[in-house]
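# Descriptive structure summary
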Amino acid sequence: MITFFKYNSCGNDFIIIDNRDKVFSINNNYIKKLCDRHLGIGADGLILLEDSSEANYFMNYFNSDGFIASFCGNGNLCCGHFAHHLDMLNKKNQDYIGTFATREGVFNLQVGTDSVSICMPDITNYNISNKNIGEDLIINTGSPHCVIFQKSIHQIDVNQEGRVIRNSKLYREEGINVTFVSSSMLYSIDNSKICDFSMIDTRTYERGVESETLSCGTGVVAAALSEIIYYILSSDSPKFKKPFSHSTKVTTMGGLLLVQFTCDYKQNNNVWDFSFSDIVLSNKVNMVFQGQLPF
């Protein structure tokens, strides 16, 4: 029998297994069955916590379709809490700190009394057709996202609209997540300064899950960074200090997450370059239950 733990962060839920002894043999069809909400435990993905020579642990993540995924923000938050549960982290004052390895690199984490915080990959690459709000912006925050801004996202059929984009000729082979965003800041632009803090609403269609999820960690980060890109590009003559720090509270269908980051940018003729660093995603996570798997 193998012990598993069920976790969630804002409704983005995961099956987590301590696989440091390699007792769980990876089988894509079996993982898919475990994540099935009718015939299995039910989850958006499976996480195997494994040994790492570079960090406290390696977070081996699989989407609910049974296939490997590159990075998962909410999954890493949950796995960080699980590592603390296993007493794998180091105490610092009232919190616990450590590092975790992923297919995207090694990152820091911190587990506090009320929340878990993880560092995310630095971002320098994005693609946008032009600077008009509402144009698709493609940005990879550990997982690729097509970010679409609209004044209201609550009436959108996310499964229908997201599925069309995800399965379009351009993205069909590798897939893409589709994140819809509503931001009041973008529709009331003040060219004189940028706010230190903003709030946005998001909904995400996730590849691999092939459905809307209640929350997506890489999606909320993609949305928060894209908001700043659009804000600056849509300003007639931006005069913001560089670099600057920013915090964004992101409301998802499952709850609220916090994204903090530093942004720097420059313009050469009509070409804009943005870089984002010190990106931190924070949220409270919940261990829902544990059980046993026959294997």
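### Notes on the layout of surface pockets
As a volume, the largest pocket reaches approximately 230 Å³. What lines the largest pocket is a set of 24 residues, among which N63, A69, S143, R207 and G208 lie closest to the centre. Among the elements of the structure, β4 (57–63) and α4 (217–233) are those that each provide at least two residues to the lining of the largest pocket. Across the lining of the largest pocket, the residue classes tally to seven nonpolar, ten polar and seven charged. In this model, the second largest pocket occupies a volume close to 170 Å³. Considering the residues around the second largest pocket, the lining is formed by K32, C35, D36, R37, H38, A43, D44, S64, D65, G208 and V209. Residues of the lining of the second largest pocket, tallied by class, amount to three nonpolar, three polar and five charged.

### Digging into the side chain of S9
Within the secondary structure, S9 sits in strand β1 (residues 2–9). Overall, the relative accessible area of 0% leaves S9 in the buried class.

### Quick look at helix α2 (residues 73–85)
Across its 13 residues, α2 extends 19 Å between first and last C-alpha, which sits within 8% of the 18 Å expected from 1.5 Å per residue. Burial within α2 is extensive, with ten of its 13 residues counted as buried. Here α2 has its buried residues at G73, N74, G75, N76, L77, C78, C79, G80, F82 and A83. Just beyond α2, the residue with positive phi is D87, at close to 60°.

### Quick look at empty space enclosed by the protein
For the structure shown, the criterion picks out one cavity of 30 Å³ or more. In this structure, the largest cavity encloses a volume near 40 Å³. Around the largest cavity, the lining residues are T202, R203, T204, T213, L214, S215, C216, T252 and M253. The element that contributes the greatest number of residues to the lining of the largest cavity is strand β13 (residues 197–206), accounting for three residues. Residue classes in the lining of the largest cavity are distributed as three nonpolar, five polar and one charged.

### Some details on the environment of T251
As for its position among the elements, T251 is in strand β15 (residues 244–252). Taking the C-alpha atoms as reference points, T251 and M199, separated by 52 residues in sequence, lie 7.7 Å from one another.

### A short note on the pairing of strand β7 (residues 105–111)
One ladder, built from seven bridges, connects strand β6 (residues 95–102) with β7; its direction is antiparallel. For I97, the partnering residue across the bridge sits in β7 and is Q110. Where β6 folds back onto β7 in an antiparallel hairpin, the turn is made up of two residues. Note that β7 and strand β8 (residues 116–119) share three bridges and pair antiparallel. Each bridged residue has a counterpart across the sheet, and for V111 the counterpart in β8 is V116. The hairpin formed by β7 and β8 contains four residues between the paired strands.

### Section: the environment of C72
Among the secondary structure elements, C72 is positioned in the loop between β4 and α2. Its relative accessible area of 7% is what places C72 among the buried residues. In this structure the C-alpha to C-alpha distance between C72 and M59, which are 13 residues apart in sequence, comes to 9.4 Å. Sequence-distant contacts of C72, that is, excluding residues within four places in its chain, are made with F14, M59, Y61 and T218.

### Re the nonpolar core
Ranked by size, the top nonpolar core spans 62 residues in total, and within it Y57, V259, F261, F274, F276, I279 and L281 carry the most contacts. The element that contributes the greatest number of residues to this core is α4, accounting for twelve residues. Counting residues in hydrophobic clusters, the runner-up holds 13 residues, among them I2, F24, A43 and L293.

Cut-offs and rules
- Residues numbered from 1 in each chain as written.
- Predicted model: local features only at pLDDT ≥ 70, side-chain atom pairs only at ≥ 80, totals over all residues.
- Heavy atoms only, no water.
- 1 Å grid on protein atoms, 1.4 Å probe; cavity = no way out; pocket = protein on both sides within 12 Å on 5 of 7 lines; lining within 4 Å.
- Points joined across faces, edges and corners; volume = space filled by probe spheres on them.
- Helix = DSSP H or I, 4+ residues; strand = E, 2+ residues; numbered from the N terminus.
- Nonpolar A, V, L, I, M, F, W, Y, C, P; charged D, E, K, R; others polar.
- Buried < 20%, exposed > 50% of the residue type's maximum accessible area, 1.4 Å probe, protein only.
- Expected span 1.5 Å × (residues − 1).
- Pairing = 2+ DSSP bridges.
- Contact = heavy atoms within 4.5 Å.
- Core = buried A, V, L, I, M, F, W, Y, C linked by side-chain atoms within 4.5 Å.

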